[in-house]
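Examination of the molecular architecture
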Amino acid sequence: MEPYPFAAHGKNQKGIGKLFYPYFGFMITRIAPTPSGFLHPGNIFNFLLNWHWARQHGGKVLLRIDDADVERKRPEYVDDIFRVLEWLDMDWDIGPTGPDDLDQNWSQQHRRSLYDDSLLELRNKSLVYACSCTRTQLASEPCHCQDKKLDLDTAGLAWRIPTRGEIILFTDRVIGEVKHYLPLQHSFVVRRKDGIAAYHLASLADDRHFGVTHIARGEDLLPSTAMQLHIDDLLDQQYLRRCGFWHHPLILGDQGNKLSKSAGDMGRSIRTYIKKEQLLASFERWAGFDKKDRKEIFAL
Ligand SMILES: [Zn+2]
């Protein structure tokens with residue numbers, strides 16, 4: 001295998017430890033792919049936006065590979081992440097230098113204690129309940145397990161946080177003031193049945209761990225931001241509350257469909273079906289480089 005060109009990055013920094021602030025005081029954005037499929041144009045545009053945003057301000061970029069779900073993680077998808085970033089000449093300051101470094105030092109598996117700390121705190125504050133619902137049950141009716149008071153230590157049960165229509169307020173740099181209502185009589189999972197921390201909780205713990213200060217993500221993730229802010233509030237961390245948010249429009253396919261894994265995944269690396277110049281040019285049009293000064297686009 002050819003060496004990855006960014007092997008010099010992150011060589012003295014490890015993803016393990018309590019709090020990770022080698023770049024305290026810097027703006028830090030993140031590129032956070034999940035190795036459960038090949039990267040699609042939607043991922044790439046998001047990565048480029050985060051990358052430019054940081055670089056415009058002398059900030060740092062974290063490469064965080066969200067590999068908590070070991071069942072869906074595949075070596076070819078991990079490899080694709082490094083190959084595509086190399087192909088696009090995108091560098092990063094914090095994060096793994098390649099697949100081996102990921103497994104040895106930066107995998108989310110190494111930060112399970114970090115997620116468990118958050119889960120324990122939620123448990124100690126009596127903010128979670130155990131749920132035994134199956135997928136089939138949840139398809140027909142909402143979870144009512146809170147009334148059953150199931151033992152949180154029973155193996156094979158998920159942990160959920162109930163929501164009661166709480167109002168989550170936050171500021172997005174483009175949308176402005178966002179007022180999001182969490183669903184009424186609803187709940188969301190923070191620990192899966194297999195004991196793995198759910199995405200929202202792990203993502204929040206990781207962002208805090210690595211000192212991420214600015215997050216650009218698709219506008220379809222607004223509810224996700226609200227849930228993460230809710231967990232941040234419940235944990236009384238005031239961490240995510242201090243982050244800058246940018247929810248950008250989704251990148252649509254030719255048929256106006258969302259380019260997600262189902263719509264955009266060709267079953268092979270993007271490097272094999274789009275020319276780099278073409279991809280970068282369409283990113284620049286999408287980001288408005290032809291209409292506005294970059295300083296203005298990426299202003300804080
Ligand atoms: Zn349930």
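Model, not experiment: these values are computed from the prediction.

1. Focus: the overall build of the protein
If you tally the helices and strands in the protein, you get 10 helices and nine strands. Within the protein, residue pairs in contact and separated by at least 24 positions form 77% of the contacts whose partners lie at least 6 positions apart.

2. Considering the sheet that holds strand S3 (residues 129–131)
If you trace the three strands from one edge of the open sheet to the other, you get S3-S4-S7, paired in antiparallel fashion. Bordering the open sheet on either side are S3 and strand S7 (186–191), each of which pairs with just one other strand. The average angle at which neighbouring strand axes cross in this sheet is 50°, direction not considered.

3. Concerning unusual backbone geometry
Positive phi, close to 45°, is recorded for Gln185, a residue that is not glycine. Among the secondary structure elements, Gln185 is positioned in the loop between strand S6 (176–181) and S7.

4. Regarding the pairing of strand S9 (residues 244–248)
With five bridges joining them, strand S8 (residues 214–218) and S9 adopt parallel strand pairing. In the strand pairing of S9, Ile215 is matched with Phe245. Each parallel crossover has a hand, and for S8 linked through helix H7 (residues 222–234) to S9 it is right-handed.

5. Notes on the nonpolar core
Ile31, Leu48, Val61, Leu62 and Ile81 are the most contacted members of the largest nonpolar core, which totals 35 residues. At the level of secondary structure, the elements contributing two or more residues to this core comprise strand S1 (28–31), helix H1 (41–56), strand S2 (60–63), helix H2 (75–87), helix H3 (99–106) and S8. Looking at which element gives the most residues to this core, the answer is H1, with eight residues. Excluding residues that lie within four positions of it along the chain, Ile31 makes contacts with Phe47, Asn50, Trp51, Val61, Leu63 and Trp92. Listed in part, the 29 residues of the second largest apolar core include Tyr115, Leu157, Ala226 and Leu240.

6. Description of the confidence of the model for the protein
Here the protein averages 88 in pLDDT, and 88% of its residues register 70 or above. Under a pLDDT of 50 for its full length, residues 1–19 has, in the predicted model, 29 contacts with residues more than four places off or in other chains.

7. Description of H1
Each α-helix winds once per 3.6 residues, and so residues spaced three or four apart point in a common direction. Its 16 residues give H1 an end-to-end C-alpha distance of 22 Å, which sits within 8% of 22 Å, the value for a rise of 1.5 Å per residue. Counting buried positions over the 16 residues of H1 gives 13, a clear majority of the element. Gly58 sits one or two residues past H1 and shows a positive phi near 65°.

8. Brief notes about the pairing of S6
Within a regular strand, the side chains alternate between the two sheet faces. S6 sits mainly on the outside: zero of its six residues count as buried. Pairing geometry for strand S5 (residues 167–172) and S6, over six bridges, is antiparallel. By the bridge assignment, Leu169 is partnered in S6 with Lys179. Where S5 folds back onto S6 in an antiparallel hairpin, the turn is made up of three residues.

9. Some remarks on helix H9 (residues 276–287)
Across its 12 residues, H9 extends 16 Å between first and last C-alpha, which sits within 8% of the 16 Å expected from 1.5 Å per residue. Looking one or two residues beyond H9, the residue adopting positive phi is Gly288, at roughly 90°.

10. With respect to the packing of helix H4 (residues 112–124) against helix H6 (residues 199–210)
Closest axis-to-axis distance for the H4/H6 pair is 9 Å, and the angle between their directions is 115°. One way to sum up the angle between H4 and H6 is to call them roughly perpendicular. The chirality of how H4 crosses H6 is right-handed. The segment H4 lies against H6, with Leu114, Tyr115, Ser118 and Leu119 engaging Leu201, Ala202, Ala205 and His209. For the contact of H4 with H6, the per-class residue count stands at six nonpolar, two polar and no charged.

Reading the values: the criteria
Residues numbered from 1 in each chain as written. Predicted model: local features only at pLDDT ≥ 70, side-chain atom pairs only at ≥ 80, totals over all residues. Helix = DSSP H or I, 4+ residues; strand = E, 2+ residues; numbered from the N terminus. Contact = placed C-beta atoms within 7 Å. Pairing = 2+ DSSP bridges. Axes fitted to C-alpha atoms, helices over the stretch in contact; angles between N-to-C directions. Right-handed = clockwise from strand over helix to strand, strands pointing away. Core = buried A, V, L, I, M, F, W, Y, C linked by C-beta atoms within 7 Å. Buried ≥ 20, exposed ≤ 12 C-beta atoms within 10 Å, placed from the backbone. pLDDT = per-residue confidence, 0-100. Expected span 1.5 Å × (residues − 1). Parallel < 35°, antiparallel > 145°, perpendicular 65-115°, else oblique. Left-handed = near helix turned anticlockwise from the far one by under 90°. Nonpolar A, V, L, I, M, F, W, Y, C, P; charged D, E, K, R; others polar.

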